Amino acid sequence: MPIYRYVCEKCGHEFTVMHGMSETPEVFCEKCGNLAKKGIGRVGISFKGSGFYINDSKKSSNSVSSSEKNKAVLTALYPH
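Residues numbered from 1 in each chain as written. Predicted model: local features only at pLDDT ≥ 70, side-chain atom pairs only at ≥ 80, totals over all residues. Heavy atoms only, no water.

**Side note on the nonpolar core**
And then number 1: Y4, Y6, C8, F15, V27, C29 and A36 form the largest nonpolar core, which has seven residues in total.
And then number 2: Broken down by element, the residue count for this core peaks at three residues, all from strand β1 (residues 3-8). (Core = buried A, V, L, I, M, F, W, Y, C linked by side-chain atoms within 4.5 Å. Buried < 20%, exposed > 50% of the residue type's maximum accessible area, 1.4 Å probe, protein only. Helix = DSSP H or I, 4+ residues; strand = E, 2+ residues; numbered from the N terminus.)

Here you go:
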């Protein structure tokens, strides 16, 4: 059975209740006894693969800079 997170409408107390997915029970706060609503669960996110970290987009040290490429193109087009 799944565990659901509930939040009290009056006092804001958060707690969990285990019940079936097809059930829609009336859940009451453990502290004050008022009606509680189902809250949105907190989900952990794990980013895997390349492109998620700042060091994934760094240029390698042996790459040619764009200004060096521009100089090479200008020299090829307009030799002295």
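**Topic: the confidence of the model for the protein chain**
And then number 1: Of the residues in the protein chain, 78% have a pLDDT of 70 or more, and the chain-wide mean is 81.
And then number 2: Mean pLDDT across the elements of the protein chain bottoms out in helix α1 (residues 66-77) (76) and peaks in strand β3 (residues 27-28) (95). (pLDDT = per-residue confidence, 0-100.)

**Some thoughts on the state of the cysteines**
And then number 1: A full pass over the atoms with the stated rule returns zero disulfides.
And then number 2: Take C8: it sits in no disulfide, and the sulfur closest to it among the cysteines is that of C32, at 3.5 Å.
And then number 3: With relative accessibility at 37%, the residue C32 sits in the partly exposed group. (Disulfide = S-S within 2.5 Å.)

**Describing the sheet that holds β1**
And then number 1: One open sheet accounts for four strands, arranged β2-β1-β4-β3; its pairing is antiparallel. Sheet topology places β2 (14-18) and β3 at the edges, where each strand pairs with a single neighbour.
And then number 2: By the bridge criterion, five bridges tie β1 to β2 in an arrangement that is antiparallel. Bridge pairing in β2 links I3 to M18. (Pairing = 2+ DSSP bridges.)

**Focus on the packing of aromatic side chains**
And then number 1: In total, this model carries one aromatic pair according to the counting rule given.
And then number 2: Aromatic side chains Y6 and F15 sit 6.3 Å apart centroid to centroid with 20 degrees between the ring planes, which places their arrangement in the stacked category. When sorted by exposure, Y6 lands in the same class as F15, which is buried.
And then number 3: Above the plane of the ring of Y4 lies K38, whose end atom (NZ or CZ) is 4.1 Å from the centre. (Phe/Tyr/Trp six-rings, centres within 6.5 Å; stacked < 30°, edge-to-face > 60°. Lys NZ or Arg CZ within 6 Å of the ring centre and 35° of its normal.)

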